[in-house]
Amino acid sequence: MTSDAFHVYDTTMRDGAQQEGLNLSVQDKLHVARHLDDLGVGFIEGGWPGSNPKDTEFFALAAKELELRNATLAAFGATRRAGLRAADDPLVAALRESGAPVVTLVAKSHDRHVELALRTTLEENLAMVRDTVEHLRAEGQRVFVDCEHFFDGYVANRAYALEVVRTAAEAGADVVVLCDTNGGMLPHQVEEVVADTLSVGARLGIHAHNDTGCAVANSMAAVRAGATHLQGCLNGYGERTGNADLVTSVANLELKLGMQVLPAGALAEATRIAHAVSEITNYPPSARQPYTGVSSFAHKAGLHASAIRVDPDLYQHIDPALVGNDMRLLVSEMAGRATIELKGRELGYDVAGDAERLGRITERVKAMEQQGYTFEAADASFELLLAEEMEGARPSYFDVESWRVLAESSRGTEATVKLRAAGQRLVVIGEGNGPVNALDHALRQAIEQLYPDVARFHLIDFRVRILDQGHGTDAVTRVLIETSDGQDAWVTVGVGANIIEASWEALVDALTYGLRRHGVPVGTA
């Protein structure tokens, strides 16, 4: 188990799941919990048992199926209702019976919320906090208290907000968490309020929302002021603009403030886990996510590449491997020779000693990007270009004689592909939902007979960009196609006078690159 000196507390499956369009099944939540445990977080908030059947089922299954090595499961719920004893409240009973070792109670700490939302007195609200904490502690559960709207409540009525914290701590709450529920605070305000609240004598935590874009910064400010419990969500999930990104926060604590808050080596799994959870939630990861985004350590300008060739640390604030990420060099019209040289080395080609060839490749890239190609987003197409320049010929597994598409509104779309491969002439007709899909089917059917690896390749993303929009229907079109073999993915680019021509070029590159990646010798079946 992780140390209790500092808590890393994840609320992805409860607060994060309040994000618009994000829905997790019970099985999804079990998978997410296992990933969080691999990351080494101390506490995983599984949901609110008793409030909905899904969360109740999750805790029942978790007791049987989850084997956590690092984390402790926490159940979320509310203090008892006004006028009831905690022992008689059915929602408190659901927390008691959830099997979770930890219960996190949400409590009102803003006087107007007590009076207008709970419709009770300030004194009764304090009794609700005290009674619920004492009851659950007597039942053998550890209790954390989330003080909802604490910072706004502190501004409106400091004395009452502090009294809620004091009451929770005296009743036996291990941690009292100060919540910036509206996400409106700035770091200097958070630091001042946390420092003042410590005078109550409670152990404090922070739960920050990102409405000012300061959730991570506010979390750092709270820790600097003395908070020893940090709440957040993977990938910054959460309602409105989200919660504090847990990975960003933890990476800042470990790599910038020198605090060991995860098990040794666990942070190196952060990128893998962030992306794995993104697949479960069906929310594509942000390329510009701090630390874990695919662009977090991507370098485009030639000036950067020249410096990186001397020392990668000159343009990187950390070694990407510390969070399980990689440095990437983007090839574009901004690329200088250093970028091409480094990218070539990354792909296994040494072009540093051939100034003429290096210059030719650089100029070719710039010329093609002027025509509309983009290689920073299509590494696979660039590798094929580089192979052509270095090996004297473009890798090719088949020669296309012709292709044709016939689209009829009543009969669907049909594509015919004629090609030669491994000494055979193949003519294949494919049908599909639109011209690109029909072409893809025809091409695959043709070469799959000779190259069975193609059966593993699947198109997973298709993007179209009109490059000179002022030209209307005769504008140049760029297509980016992402293909996967179930383990890795690669992107290819095509440019043409129409979407079908551009798509065909990207499709051919995608299959060619895939076969090359699988080690299939050129010209063999």
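Data block above holds the structure.
Conventions and cut-offs
Residues numbered from 1 in each chain as written. Predicted model: local features only at pLDDT ≥ 70, side-chain atom pairs only at ≥ 80, totals over all residues. Heavy atoms only, no water. Buried < 20%, exposed > 50% of the residue type's maximum accessible area, 1.4 Å probe, protein only. Helix = DSSP H or I, 4+ residues; strand = E, 2+ residues; numbered from the N terminus. Pairing = 2+ DSSP bridges. Right-handed = clockwise from strand over helix to strand, strands pointing away. Contact = heavy atoms within 4.5 Å. Axes fitted to C-alpha atoms, helices over the stretch in contact; angles between N-to-C directions. Parallel < 35°, antiparallel > 145°, perpendicular 65-115°, else oblique. Left-handed = near helix turned anticlockwise from the far one by under 90°. Nonpolar A, V, L, I, M, F, W, Y, C, P; charged D, E, K, R; others polar. Core = buried A, V, L, I, M, F, W, Y, C linked by side-chain atoms within 4.5 Å. Polar contact = N/O pair within 3.5 Å; in protein donor to acceptor, adjacent residues only side chain to side chain. Salt bridge = Lys/Arg side-chain N within 4 Å of Asp/Glu carboxyl O.

K.L.:
Even after reading the chapter, I still don't get the pairing of strand S4 (residues 102-108), so can you show me in this structure?
P.N.:
Each regular strand shows side chains that alternate between the opposite faces of the sheet. By the criterion of burial, S4 is predominantly enclosed, with seven of the seven residues buried. Of the pairings in the sheet, the one linking strand S3 (residues 72-78) to S4 comprises five bridges and is parallel in character. Its bridge partner being in S4, Ala 75 is matched across the sheet by Val 103. Handedness of the β-α-β unit built from S3, helix H3 (residues 90-96) and S4 comes out right-handed. With seven bridges connecting them, S4 and strand S5 (residues 142-148) associate as parallel partners. When the sheet's bridge partners are listed, Ala 107 is paired in S5 with Cys 147.

K.L.:
Quick question: what am I supposed to make of the environment of Thr 477 here?
P.N.:
Residue placement: Thr 477 occurs in strand S15 (residues 477-484). Here Thr 477 falls in the buried class, since its relative accessible area comes to 4%. Filtering out sequence-adjacent residues up to four positions away, Thr 477 remains in contact with Val 464, Arg 465, Ile 466, Gly 494, Val 495, Gly 496, Asn 498, Ile 499 and Ala 502.

K.L.:
Where do I start with the packing of helix H5 (residues 122-138) against helix H7 (residues 158-171) in this structure?
P.N.:
A packed helix pair is summarised by two numbers, namely the angle formed by the two axes and the spacing between the axes. Across the interface, H5 lies against H7 with an axial gap of 8 Å and an inter-helix angle of 20 degrees. One finds that H5 runs roughly parallel with respect to H7. Along this stretch, H5 crosses H7, giving a crossing that reads as right-handed. Of H7, the residues touching H5 (which contributes Leu 122, Asn 125, Leu 126, Val 129, Arg 130, Val 133, Glu 134 and Arg 137) are Tyr 160, Glu 163, Val 164, Thr 167, Ala 168 and Ala 171. In the contact of H5 with H7, the residues fall into eight nonpolar, two polar and four charged.

K.L.:
When you look at the sheet that holds strand S8 (residues 229-232) in this model, what are you seeing that I'm missing?
P.N.:
Sheet strands associate in pairs through backbone hydrogen bonding, adopting either a parallel or an antiparallel arrangement. An order of S1-S2-S3-S4-S5-S6-S7-S8 is seen for the eight strands of this closed barrel, with the pairing classed as parallel. The average undirected angle you get between the axes of adjacent strands in this sheet is 25 degrees. Contacting S3, S4 and S5, H5 crosses the sheet at an angle of about 175 degrees to S4.

K.L.:
What is the right way to look at the nonpolar core in this model?
P.N.:
Nonpolar side chains in soluble globular proteins generally cluster together in the buried interior. Formed by 87 residues in total, the largest nonpolar core has its most connected members in Phe 58, Phe 150, Phe 151 and Val 165. Those residues in contact with Phe 151, other than ones at most four positions away along the chain, are Leu 178, Cys 179, Asp 180, Met 185, Val 190, Val 193, Val 194 and Ile 206. Counting residues in each nonpolar core, the second largest holds 34 residues, with Tyr 397, Tyr 451, Leu 511 and Tyr 513 among its members.

K.L.:
Is there a simple way to explain helix H10 (residues 246-256) in this structure?
P.N.:
Judged by how many residues are buried, H10 sits mostly within the fold: nine of eleven residues are covered. Listed as buried for H10 are Leu 246, Val 247, Thr 248, Ser 249, Val 250, Ala 251, Asn 252, Leu 253 and Glu 254. In this fold, the buried residues of H10 make contact with strand S1 (7-10), helix H1 (26-39), helix H9 (215-225), S8 and helix H11 (270-281). Near the N-terminus of H10, the side chain that reaches the backbone nitrogen of Val 247, with its oxygen 2.9 Å away, is that of Asp 245. Where H10 terminates, the next one or two residues include Gly 258, which has phi positive at roughly 70 degrees.

K.L.:
Any chance you could explain the pattern of salt bridges here in plain terms?
P.N.:
If charged atoms from side chains of opposite charge come close, those side chains can pair. Counting across every chain of the model gives 30 salt bridges. The shortest N-O distance in the salt bridge between Asp 4 and Arg 142 comes to 2.8 Å. Here Arg 142 lies in strand S5 and Asp 4 lies in the segment before S1, a separation of 138 residues in the sequence. For Asp 4, a relative accessible area of 37% gives the class partly exposed.

K.L.:
When you look at unusual backbone geometry in this model, what are you seeing that I'm missing?
P.N.:
For residues other than glycine, phi is negative in most cases, and the peptide bonds are mostly trans. Here Arg 240, not a glycine, exhibits a phi torsion of approximately 55 degrees, which is positive. Within the fold, Arg 240 resides in the loop between S8 and H10. Unusually for a residue other than glycine, Asn 282 sits at a positive phi of about 65 degrees. Considering the arrangement of structural elements, one finds Asn 282 in the loop between H11 and strand S9 (298-299). Residue classification places Asn 282 among the exposed positions, given a relative accessible area of 67%.

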